[in-house]
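Here's the letter readout for the chains.
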Amino acid sequence: MIIAANWKAYVVDLEKAKQLLATSKKLARTYKGTIVLAPPTPLLGALASGNKSKVAFAAQDVSLTTGGAHTGEVLASMYATVGARYAIVGHSERRAAGDTNAVVVEKIRHILACGLTPILCIGEQEHDAEGRYLAFVREEITTALSSFTQKERSQFILAYEPIWAIGKSSSAAMDPNDLTEMVLYIRKVLAELIPGKAATRIPILYGGSVEPTNILDLARSTHIDGFLIGHASVDVATFTALIKAIS
Ligand code: PGA
């Protein structure tokens, strides 16, 4: 399983960041899956340089620009230079700040161009009884993937993060049965966009109030390939408990 820790802007100081990295390195020695940390940009720079452990790094977002006179922008290629291997893109908090599907496509272009793996976030605002969320999620996946070649499409990781389930406590996370249905649906959409076995190899992660108390239920029989974890990933004890729960 891929466990991606989205530190958002929760982790502010370097000491705390170093503690979390040390814990992750220790856990990675025995954990059979992949641990990916997505720290805020300056902290990523400090932690990833010289990192030789199994722990990988992800950008939380990348710039829409490709360099030049753009004060304050952090490019995908800069993340690659300091040792990131992944980049989260299209997170609902970035979409809320103005990233449209078209912006997300452009950012993915930059991410792929410098050899990073995109972790594309998708997810509906509301799990409505009429099932409109299905068309919404289909649209997010289709617009993003259809802009790329078959080979590029097969390099994606998808993170299904229903917006209504983000940043709450475990009781507000998605019901495992509903998640199973959603994973099947996303697989179906992927199969329409990527021919053959490649579609089945795209990892699908779940994000939204994953905590040590619910991670096992969300992992068991839902066919999910991992998790994108926010608030529960920034506390040493809680993160340790998360990894132990699914080991
Ligand atoms: P959460 O955040 O685990 O705090 O719900 C997940 C995310 O937004 O990636």
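One can find the structure itself at the top, above this paragraph.
Presented here is an overview of the structure given in this document. (Residues numbered from 1 in each chain as written. Predicted model: local features only at pLDDT ≥ 70, side-chain atom pairs only at ≥ 80, totals over all residues. Heavy atoms only, no water.)

### Observations concerning the pattern of salt bridges
For step 1, the next point in the chain: With the rule as written, the count across this model stands at eleven salt bridges.
For step 2, the next point in the chain: Between D61 and K107 there is a salt bridge, with the nearest N and O atoms lying 3.1 Å from each other. Here D61, found in the loop between strand 3 (56–59) and helix 3 (76–81), pairs with K107, found in helix 5 (residues 101–113); they are 46 residues apart in sequence, far enough to count as distant.
For step 3, the next point in the chain: D61 sits in the buried class, given a relative accessible area of 15%.
For step 4, the next point in the chain: Accessibility expressed as a relative area gives 5% for K107, which makes it buried.
For step 5, the next point in the chain: For E140, the salt bridge goes to R95, with nearest N and O atoms at 3.6 Å. Of this pair, E140 sits in helix 6 (residues 132–146) while R95 is found in helix 4 (residues 92–96), placing the two residues 45 residues apart along the sequence.
For step 6, the next point in the chain: The class for E140 is buried, based on a relative accessible area of 5%.
For step 7, the next point in the chain: Among the residues examined, R95 registers a relative accessible area of 18% and is labelled buried. (Salt bridge = Lys/Arg side-chain N within 4 Å of Asp/Glu carboxyl O. Helix = DSSP H or I, 4+ residues; strand = E, 2+ residues; numbered from the N terminus. Buried < 20%, exposed > 50% of the residue type's maximum accessible area, 1.4 Å probe, protein only.)

### Concerning the layout of surface pockets
For step 1, the next point in the chain: Of the voids in this model, the largest pocket is the one considered here, and its volume is about 350 Å³.
For step 2, the next point in the chain: If you go around the largest pocket, you meet 19 residues; those closest to its centre are T41, Q60, D61, Y79 and R94.
For step 3, the next point in the chain: Its residues assigned to classes, the lining of the largest pocket shows seven nonpolar, six polar and six charged.
For step 4, the next point in the chain: Quantified by volume, the second largest pocket comes out at close to 150 Å³.
For step 5, the next point in the chain: Counting residues per element, the ones that place at least two in the lining of the second largest pocket are helix 4 and helix 6.
For step 6, the next point in the chain: Of the residues in the lining of the second largest pocket, the class split is four nonpolar, two polar and six charged. (1 Å grid on protein atoms, 1.4 Å probe; cavity = no way out; pocket = protein on both sides within 12 Å on 5 of 7 lines; lining within 4 Å. Points joined across faces, edges and corners; volume = space filled by probe spheres on them. Nonpolar A, V, L, I, M, F, W, Y, C, P; charged D, E, K, R; others polar.)

### So, empty space enclosed by the protein
For step 1, the next point in the chain: If you walk through the whole model with that rule in mind, you get two cavities of 30 Å³ or more.
For step 2, the next point in the chain: Here the largest cavity is characterised by a volume of approximately 110 Å³.
For step 3, the next point in the chain: The wall of the largest cavity is formed by 15 residues, among which K8, G208, S209, I229 and G230 lie closest to the centre.
For step 4, the next point in the chain: Of the voids in this model, the second largest cavity is the one considered here, and its volume is about 40 Å³.
For step 5, the next point in the chain: Contributing to the lining of the second largest cavity are G90, H91, S92, R95, C121, I122, G123, E140, E161 and I163.
For step 6, the next point in the chain: Those elements that place two or more of their residues in the lining of the second largest cavity are helix 4 and strand 5 (117–122).
For step 7, the next point in the chain: Residue composition of the lining of the second largest cavity, by class: three nonpolar, four polar and three charged.

### Brief notes about the nonpolar core
For step 1, the next point in the chain: Core analysis: the largest hydrophobic core is formed by 71 residues, its most contacted members being L120, I141, L190, Y206 and F227.
For step 2, the next point in the chain: By residue number, the principal contributor to this core is helix 8 (residues 176–193), which donates eight residues.
For step 3, the next point in the chain: Once residues within four sequence positions are removed from consideration, I141 is found in contact with I122, L158, I186, V189, L190 and L193.
For step 4, the next point in the chain: Grouped together as the second largest cluster of nonpolar side chains are 14 residues, A4, Y86, L205 and L228 included. (Core = buried A, V, L, I, M, F, W, Y, C linked by side-chain atoms within 4.5 Å. Contact = heavy atoms within 4.5 Å.)

Nothing here speaks to function; it is geometry throughout.
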